[in-house]
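# Notes for the structure review
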Amino acid sequence: GNSVTQMEGPVTLSEEAFLTINCTYTATGYPSLFWYVQYPGEGLQLLLKATKADDKGSNKGFEATYRKETTSFHLEKGSVQVSDSAVYFCALSGIPNAGGTSYGKLTFGQGTILTVHP
Amino acid sequence: DTEVTQTPKHLVMGMTNKKSLKCEQHMGHRAMYWYKQKAKKPPELMFVYSYEKLSINESVPSRFSPECPNSSLLNLHLHALQPEDSALYLCASSRGTGLGTQYFGPGTRLLVL
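Okay, so let's go over this structure. It should be emphasised that the depicted structure is a prediction, and the values quoted were computed from it without experimental measurement.

## Things to note about the packing of aromatic side chains
All names here are of chain A. Going through the model one piece at a time under the given rule, you end up with 11 aromatic pairs over all chains. Pairing Y25 with Y66 gives two aromatic rings, centres 6.1 Å apart and planes at 80°, and the pair type is edge-to-face. Here Y66 lies in the loop between β8 (62–65) and β9 (75–77) and Y25 lies in strand β4 (residues 23–26), a separation of 41 residues in the sequence. Both residues of the pair, Y25 and Y66, belong to the buried class. Ring centres 5.7 Å apart and planes at 40° place the aromatic pair F62 and Y88 in the tilted group.

## Topic: the sheet that holds β8 of chain A
Strand pairing in a sheet relies on backbone hydrogen bonds, with the paired strands running either antiparallel or parallel. All names here are of chain A. On the basis of which strands lie adjacent, the open sheet formed by four strands has the order β3-β9-β8-β7 and antiparallel pairing. This sheet does not close on itself; its edge strands, each paired only once, are β3 (19–21) and β7 (56–59). Averaged over neighbouring strand pairs, the angle between their axes works out to 15° when direction is ignored. Inspection of the sheet shows β8 paired to β9 by two bridges, in the antiparallel sense. By the bridge assignment for β9, F62 is matched with K77.

## Notes on a nonpolar patch on the surface
All names here are of chain B. Residues V12, L111 and L113 make up a contiguous nonpolar surface patch of about 290 Å² in total accessible area. With respect to the helices and strands, L111 occurs in strand β11 (residues 108–112). Using a relative accessible area of 41% as the deciding quantity, one classes L111 as partly exposed.

About the cut-offs
- Residues numbered from 1 in each chain as written.
- Chains lettered and ligands numbered in written order.
- Predicted model: local features only at pLDDT ≥ 70, side-chain atom pairs only at ≥ 80, totals over all residues.
- Heavy atoms only, no water.
- Phe/Tyr/Trp six-rings, centres within 6.5 Å; stacked < 30°, edge-to-face > 60°.
- Helix = DSSP H or I, 4+ residues; strand = E, 2+ residues; numbered from the N terminus.
- Buried < 20%, exposed > 50% of the residue type's maximum accessible area, 1.4 Å probe, protein only.
- Pairing = 2+ DSSP bridges.
- Axes fitted to C-alpha atoms, helices over the stretch in contact; angles between N-to-C directions.
- Patch = residues over 30% accessible without salt bridge, like charges linked within 9 Å, V, L, I, M, F, W, Y side chains within 5 Å.
- Areas by Shrake-Rupley, 256 points an atom, 1.4 Å probe, with all protein chains shown as cover.
- Salt bridge = Lys/Arg side-chain N within 4 Å of Asp/Glu carboxyl O.

Here it is in structure tokens:
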């Protein structure tokens, strides 16, 4: 079945530091890949996505590239801010199949807690 | 606009109460989802509705009863809950099951006493 392995946290950085959160996946076919962010006390917000190999998703200074050869979708940001402190979830959406056993279900990683200090 | 709204934001209920959570989207999405999220964990899928019909029930106890009155609304009826059901309940929607990105609402934080 599908699975997502995400870098264990928590990750603590100083403001303006470089951020990488690793994410690797196991899936059949060509799933879509996502990063969601959850700020304290809130729901999940879509941060960025990529739907095919070599696509780069980007938003708010964050980037991630869909690497089929390494089955990875690592999240990066060049200079983090205190306001980036949140939980980050990597996720994949499986491919619906004719047998009806997959309907595009989202499979999440365990989440990485990021804390950025001034 | 990619907004999914949920009410109430917070809910406290006793184990004998009956309450409902509400979710609404106006993006024309035909798939809607309920998730349960415990602290420091990823969301767990509970139910999927596709074209207002229940298509997936992830073996959720019957004390949770979903309802989709129309293509924009999704309810979750709660009855005789247990303290371990305390969690953040998230609603999401997408163009279709397996189609497009899932957009999440802000959630309802439920406490069962």
